[in-house]
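Listed below are the residues making up each chain.
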Amino acid sequence: MKLRDVTIRAGRSLKQAKARTLLTSLAIGVGAFTITLSLAAGVGGRAYTDEIVNANTNVKELSVTKSPPKSQQGPQKYTGNASGVSGGLFSGELLDQADIDKILKLDGVVSVSPNYNPQVKYVTRSDQDKYVATISTFSPSVTLKFAAGSVNGDLASNEIILTEEYVKALGFSSSQDAIGKTVNIVADKLSSPVTAPENNTFVYTVKGVSSKSGLAFRAQSSLLISNSSAKTLYDYINLGTRSYGNYIVASVETTSASQAQKVKDTLTGMGYLAQTAADVLGVINTFINVLQGVLLGFGALAVLTSVFGIINTQYISVLERTQQIGLMKALGMRRRDVGRLFKLEAAWIGLLGGSIGTGLAVILGTIANPIISKALDIGNISLIVFTPMNIAVVIVGLVIVSVSSGILPARKAAKLNPIEALRTE
Amino acid sequence: MIEVKKISKTYGKGDNAFRVLDNINFTVPDGASVAILGKSGSGKSTLMHVMSGLDKPDSGEIIIDGKNILQLNQKDIDKFRSTKMSFIFQSFFVQAKENCYDNVSLPLEIADVAPSRRKSKIETALKAVDLLDKIKSRAKDLSGGQKQRLAVARAIVNSPQVLFADEPTGNLDSVTGGKVEDLLFDYNKKNNVTLIVVTHDAELADRCDMQIHIKDGKIDSIREMKK
Ligand SMILES: Nc1ncnc2c1ncn2[C@@H]1O[C@H](COP(=O)(O)OP(=O)(O)O)[C@@H](O)[C@H]1O
Ligand SMILES: [Mg+2]
């Protein structure tokens, strides 16, 4: 018997038992649904983090800290240059000018700039309230979404980028209104005596207003100033304290992404902790992969359950159709073809279930995508991305699983003795 | 020509041994019609199964066209059945949920007849049993007599050399049964196809060229009918 004829007969048998076929398929459909969605979420999630990391980091850049001290039980040995800067927040060793000079001399290093995080008192402007603020360094390689204004290249030394929230708080009528106006940042000189505190007001012109974007995670709440402005502020605040000239993190710019990897290896050998953009991506992706793995596990469990469903259904089908099988064998149908008939029925069930499951997943994912993106406030980025390849793999995989489940019942059908099957009482 | 030589078959072992067929010998010429008669349980169906290669005897030979079919391998015996033999059963065994066309198509599919050549064969067979107008009807919507005619169409569609019928009219009233009988004997005469009918219907047996009476697994008598 030709494969084509066996396939048509298999499909026809299933059509004749519609309810049973559909229910068995639905069991596989649940697995197909879960697996398709988890694959799509993995693809979407990785693409999203990829975009975030690319938008927020420069592939040629490394961020460098000193290796944290090896954790040990009990009191630690005093080394002379442990930090006490940020209280309990950071208790590793700090980078100083000697470290920076050393790193600068390495092959492929273009520049080393310490990250200044000046701890200012407040931000304000005339006739307005005072607000606490975090100041960060503007980096041209980081993508920002502007509500008003824009920056070409780097910021000038007296320029600042506000966030939309501060625009409102500081009494501007709109983001556009803030552009070109000035704000004041007041900082304490930490080394001044408690009895005669000293502070200074730094004036900045608003160059731009950043708005929330699905891709920008660093600059969403910080006010941004140029690296040199940050250094001025930092130096004013810390001059005369032990933190002066010591930095937690430094950005190292190299000539290329591959050079960044080489410099990283060298720095690691020298006792520094260096992270490239790829490392950051790797960490986030590991997290996504674990999550995806858990989802896939649920899907696999559903598929496993449906395997028993198929075996059961097909066994019942063989029993019900004993006479039909007997007749076909009496008419000279070969054992191989009888077996194929039942395996192909299982294949049809797998194809149907796989199609229903992946179809529902695609429909649901397509509907859910904008809702999820809105809820997470990530703009029009899709977190669930279906690829034709993944869908094909799921369906083909489930057809194979179904056929394998159909092997035992098919063997029973093939072995059936036609005389027994055709005996009438 | 079918030669049945020294066929014996036993069920069970030792004290429980039960001899269904005991040294059966006869020869059927090509195109003959043969009735196998006997009481229920005498071994008629078993003999028919052995003659068609569905069942294996303990000893003996079944020689069709000079070949001992009991020595063929499974693949060849399947091929032999799909191309040269066909069956009609007491309980019809038509596929209730399939339409008449698909029912009759089955032997052609099994025998690997090309799809393009099937339609005309199926229509010819259905026409021969007067069911052409039911070609799209499902078998379960047919009456008993129509079902058995459908089974006849299925049996003749691939132009077999030998037609085996196991009590073909056993489940039918005399009028519809008579119609099925007419079909079988017509086909036997017109196409010179060997017809082997298991029956306990004496009237049916009287229409055959040859009667083989079986009693407790042995041949009781063989009668050639003169016409
Ligand atoms: N598988 C079997 N095991 C034991 N006895 C069997 C088996 N098949 C058939 N028989 C016995 O063989 C005898 C002949 O059966 P069968 O050929 O069907 O008789 P008939 O068709 O003449 O009524 C019966 O007594 C039946 O009970
Ligand atoms: Mg019988």
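Everything that follows concerns the structure shown earlier in this document.
To keep things clear, this report deals only with the structure shown in the data block.

Definitions and limits used
- Residues numbered from 1 in each chain as written.
- Chains lettered and ligands numbered in written order.
- Predicted model: local features only at pLDDT ≥ 70, side-chain atom pairs only at ≥ 80, totals over all residues.
- Heavy atoms only, no water.
- Helix = DSSP H or I, 4+ residues; strand = E, 2+ residues; numbered from the N terminus.
- Rg over C-alpha atoms; globule rule 2.2 N^0.38 Å.
- Buried < 20%, exposed > 50% of the residue type's maximum accessible area, 1.4 Å probe, protein only.
- Contact = heavy atoms within 4.5 Å.
- Areas by Shrake-Rupley, 256 points an atom, 1.4 Å probe, with all protein chains shown as cover.
- Lys, Arg positive; Asp, Glu negative; His and termini not counted.
- Charge placed at Lys NZ, Arg CZ, Asp CG, Glu CD.
- Buried area = accessible area lost by both parts, 1.4 Å probe.
- Salt bridge = Lys/Arg side-chain N within 4 Å of Asp/Glu carboxyl O.
- Polar contact = N/O pair within 3.5 Å; in protein donor to acceptor, adjacent residues only side chain to side chain.
- Axes fitted to C-alpha atoms, helices over the stretch in contact; angles between N-to-C directions.
- Parallel < 35°, antiparallel > 145°, perpendicular 65-115°, else oblique.
- Left-handed = near helix turned anticlockwise from the far one by under 90°.
- Nonpolar A, V, L, I, M, F, W, Y, C, P; charged D, E, K, R; others polar.

Describing the overall build of chain B
Counting its regular elements, chain B contains seven helices and ten strands. Computed over its C-alpha atoms, the radius of gyration of chain B comes to 18 Å, within 12% of the 17 Å expected for a compact globule of 227 residues. For chain B, the C-alpha atoms occupy an extent of roughly 55 × 40 × 35 Å along the three principal directions. Counting the 227 residues in chain B, one finds 56% classified as buried. Across chain B, contacts joining residues at least 24 apart in sequence account for 66% of those joining residues at least 6 apart. Total accessible area on chain B is roughly 10300 Å²; 47% of this is exposed by carbon and sulfur atoms. In chain B, 35 side chains carry a positive charge and 31 a negative one; their mean positions are 3 Å apart.

Some remarks on the interface of chain B and chain A
At the interface, 24 residues of chain B touch 22 residues of chain A. Each partner contributes to the roughly 2400 Å² buried at the junction of chain B and chain A, and carbon and sulfur atoms together form 57% of this total. When the buried surface of chain B facing chain A is broken down by residue, Phe93, Glu109 and Ile110 of chain B rank first, second and third, together holding 24% of it. At the surface where chain B touches chain A, the tally comes to six salt bridges. Remark: the boundary between chain B and chain A carries ten residue pairs in polar contact (both at pLDDT 80 or more).

Considering the packing of helix H3 (residues 100-110) of chain B against helix H4 (residues 115-128) of chain B
Residues and elements named next belong to chain B. Where H3 meets H4, the axes come as close as 10 Å, and the angle between the chain directions of the two elements is 120°. In terms of their interaxial angle, H3 and H4 are classed as oblique. Between H3 and H4 the crossing geometry is right-handed. In this structure, H3 uses Cys100, Tyr101, Val104, Ser105, Leu108 and Glu109 to contact H4, whose residues at the interface are Arg118, Lys119, Lys121, Ile122, Ala125 and Leu126. Its residues assigned to classes, the contact of H3 with H4 comprises seven nonpolar, one polar and four charged.

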